[in-house]
Amino acid sequence: MAVPAQLHSIIFSFILLLLSLFDTSLSQPQTPSPAPAPPPPSDSCNGIFLSYNYTGGHAIPPTDPTNQAYRFESTLTVLNNGRHELKSWRAFVGFQHQELLVSASNAVLADGSSLPAEVGNGTVLAGFPIIDLKSAVETAGDRAQMEVRVGLVGTQFGVGAPDVPMPLNISLVNDGYSCLNATNEGNNVMHVCCIQDDLNSDSNNGVNDEFLARQEGDLVIMYDVIRAYSDNYWAQVSISIHNPLGRLDKWQLSFDWMREEFIYAMRGAYPYVVDTTDCIFGRQGQHYKEMDFSQVLNCERRPTIVDLPPTRANDSILGRIPFCCRNGTILPPLMDPSKSISSFNMQVYKMPPDLNRTELVPPQNWKIKGAMNPEYECGSPIRVTPSQFPDPSGLPSATASIASWQVVCNITQSKQAVPRCCVSYSAFFNDSAIPCNTCACGCNSNPSQTCSATEPALLLRPDALLIPFENRTAEALSWADIKRRSVPNPLPCGDNCGVSINWHLLSDHKDGWTARITLFNWGDSSFEDWFAAVQLDNAVPGFEEVYTFNGSKLLGSNNTLFMQGRPGLNYLLAETDGAKPKKDPRVPGTQQSVISFKKKSTPGIEVAAGDGFPTKVLFNGEECALPTRLPSKAPMVSGRSSVFGFLTLALLLLMQ
């Protein structure tokens with residue numbers, strides 16, 4: 001059957017339209033398929049990957065155009081992409097905007113500070129409760145065991161939107177790792193990769209030790225669990241000094257419970273405050289309904305522990321613990337190894353869900369301080385091999401603890417620290433003594449208008465060093481008049497130091513020289529078993545003898561002398577009334593000795609020019625403030641007055 005011409009035309013037109021559409025589709029440019037997303041930066045790190053992600057913030061009251069405060073929120077991520085487990089991870093965040101850290105999930109501050117804390121100069125975070133990060137190899141890539149995310153919330157100053165308050169840098173601070181330079185990604189992310197230094201070392205031979213190696217420090221605290229039950233355990237806490245110039249007097253130890261624990265009983269020490277309020281009104285009272293909380297010692301989240309007096313050493317309830325009950329005194333091992341450790345036991349009750357004898361969590365944020373001692377900064381507890389103790393029955397065996405943690409503390413000198421002792425200088429060639437600097441140990445927060453905190457201290461006749469500062473005015477003005485020196489108005493403030501030390505250059509001759517050191521105690525408490533250390537950079541090789549004290553070169557040092565009182569003379573007494581209390585000023589406790597040196601071992605020494613004066617002085621471990629100038633060799637106005645002054649000082653001291 002023939003196709004009609006009209007239908008043929010329609011079919012032909014349809015075919016032409018299809019061909020036209022096909023041709024048009026061929027001529028159109030083809031849209032490329034999207035490129036695959038780049039792998040995350042962590043994939044290229046075969047070590048420990050750290051990232052810091054700023055997630056938000058906003059201005060907070062009060063309004064201050066010159067220094068506005070802002071809330072910031074960020075996340076620090078630590079991921080173990082290495083081959084071995086990362087134990088007790090610690091990461092540095094280089095905050096730089098006057099940050100005040102308010103909270104940190106899964107971490108604590110490694111220096112033992114409690115939150116909130118000022119971290120504007122950077123801070124080290126330590127893992128808690130996620131302390132160790134396993135590797136992908138041992139977990140089949142389980143990121144939940146390889147990674148920790150630390151949520152940070154705090155306050156920063158001066159950086160508002162659209163600017164972002166990023167840290168200066170981030171890094172891992174665990175030993176044995178080196179970090180590359182941190183990389184910024186956009187304006188709110190920073191990351192860095194840290195690689196293990198020596199993968200072939202004995203400590204990294206593929207065997208993951210269960211415990212970290214014990215570390216060394218100026219002071220070490222051991223937290224040993226010696227008995228464990230389902231809802232409580234007994235811990236032995238030992239504090240030991242390892243620095244030859246470290247010391248503690250009337251120590252106070254504090255820490256934070258992280259799991260609502262509380263102290264039921266103690267032996268060898270005692271809480272500074274006996275307080276059960278938090279238990280009675282808290283979850284502890286609800287859980288332990290049958291417990292008599294009148295027998296509980298302390299329920300504070302951050303208790304403070306103090307040592308017991310020697311009279312409690314043999315107490316059947318509180319004492320009978322080795323190395324306890326010494327009024328909080330721990331001496332350097334150089335003085336007496338048996339007195340370089342202090343120990344106590346405490347019974348700790350736990351809370352759900354930790355009611356299992358193997359669920360043991362040490363307290364965090366350890367701090368320790370003394371009455372007049374160096375400052376110590378303590379790290380986070382690290383799990384170490386169980387301690388071993390001699391068998392109490394006397395058998396030739398040892399008993400191991402159930403679990404042990406070590407807290408390492410090191411001596412630190414904070415910028416805000418104010419000395420508590422000072423040094424004055426005097427010499428045979430100058431009839432004036434240079435007293436301690438004005439406000440050497442700090443001035444009152446509201447100084448009186450009658451004294452100046454900036455004027456240098458007035459020179460004194462040497463015997464005036466025996467007079468309390470508040471009674472020296474007449475002596476200082478009289479001496480200035482004799483020496484024809486002008487005096488400021490108002491006069492300089494006192495030094496406010498509890499202990500002062502005079503270093504007097506006594507003689508200087510061809511073969512040797514001598515110095516005299518005098519210690520003054522202006523406080524109300526005596527110092528038992530005191531020690532002093534004097535650093536002389538160029539003179540100690542020529543040291544010969546200390547005549548009244550026990551003195552020697554400090555072991556392991558070639559520039560420091562160590563001195564302590566001899567048996568029976570090891571007390572630096574407190575300040576006492578004068579012979580006529582109604583008329584005489586109070587008299588400081590004093591100790592004095594002459595020190596001799598030979599010049600044969602120190603050729604070229606310039607004693608009077610400076611080598612005969614200390615560059616650092618410590619009393620009971622506390623670093624003392626030094627004068628800012630030395631006695632000059634200018635001609636003396638009156639040699640007779642000089643001799644009289646120094647003889648008077650020596651005679652007065654001998655009469656104490």
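Structural data are supplied above this passage.
Parameters at a glance
Residues numbered from 1 in each chain as written. Predicted model: local features only at pLDDT ≥ 70, side-chain atom pairs only at ≥ 80, totals over all residues. Heavy atoms only, no water. Helix = DSSP H or I, 4+ residues; strand = E, 2+ residues; numbered from the N terminus. Areas by Shrake-Rupley, 256 points an atom, 1.4 Å probe, with all protein chains shown as cover. Disulfide = S-S within 2.5 Å. Buried < 20%, exposed > 50% of the residue type's maximum accessible area, 1.4 Å probe, protein only. Pairing = 2+ DSSP bridges. Axes fitted to C-alpha atoms, helices over the stretch in contact; angles between N-to-C directions.

A. Representation of the overall build of the chain. A count of helical and extended segments in the chain gives eight helices and 40 strands. Of the roughly 33500 Å² of accessible surface on the chain, 53% is carried by carbon and sulfur atoms.

B. Looking closely at the state of the cysteines. Tallied over the full model, the rule gives 10 disulfides. Residue Cys 279 pairs covalently with Cys 299 via a disulfide, S to S 1.9 Å. Handedness here is read from the sign of the S-S torsion; for Cys 279 and Cys 299, about -100°, the answer is left-handed. Residue Cys 279 is found in helix H4 (residues 277–280), and its partner Cys 299 is found in the loop between helix H5 (283–287) and strand E18 (304–307); the two are separated by 20 residues along the sequence. Cys 451 shares a disulfide with Cys 493; S-S distance 2.1 Å. Disulfide Cys 451 to Cys 493: torsion about the S-S bond roughly 80°, handedness right-handed. Placement of the pair is Cys 451 in strand E28 (residues 451–452) and Cys 493 in the loop between strand E29 (491–492) and strand E30 (499–508), with a sequence separation of 42 residues. With a relative accessible area of 23%, Cys 451 lands in the partly exposed category. Judged by relative accessible area, which is 5%, Cys 493 ranks as buried.

C. Structural context of the pairing of strand E26 (residues 421–427). Counting buried residues in E26 gives seven out of seven residues, a clear majority hidden from the surface. Along E26, one buried face is formed by Cys 421, Val 423, Tyr 425 and Ala 427 and the opposite face, lined by Cys 422, Ser 424 and Ser 426, is buried too. With seven bridges joining them, E26 and E30 adopt parallel strand pairing. Across the sheet, Cys 422 pairs through a bridge with Ser 500, a residue of E30. Pairing between E26 and strand E27 (residues 430–434): two bridges, direction antiparallel.

D. Looking closely at the sheet that holds strand E20 (residues 364–369). The strand order across the open sheet built from four strands is E17-E18-E15-E20, with neighbouring strands paired in antiparallel fashion. In this open sheet, the two strands that pair with only one neighbour each are strand E17 (269–271) and E20. Pairwise comparison of adjacent strand axes, ignoring direction, gives a mean angle of 25° for this sheet. With three bridges joining them, E17 and E18 adopt antiparallel strand pairing. From the neighbouring strand, Ala 269 faces E18, where its bridge partner is Asp 307.

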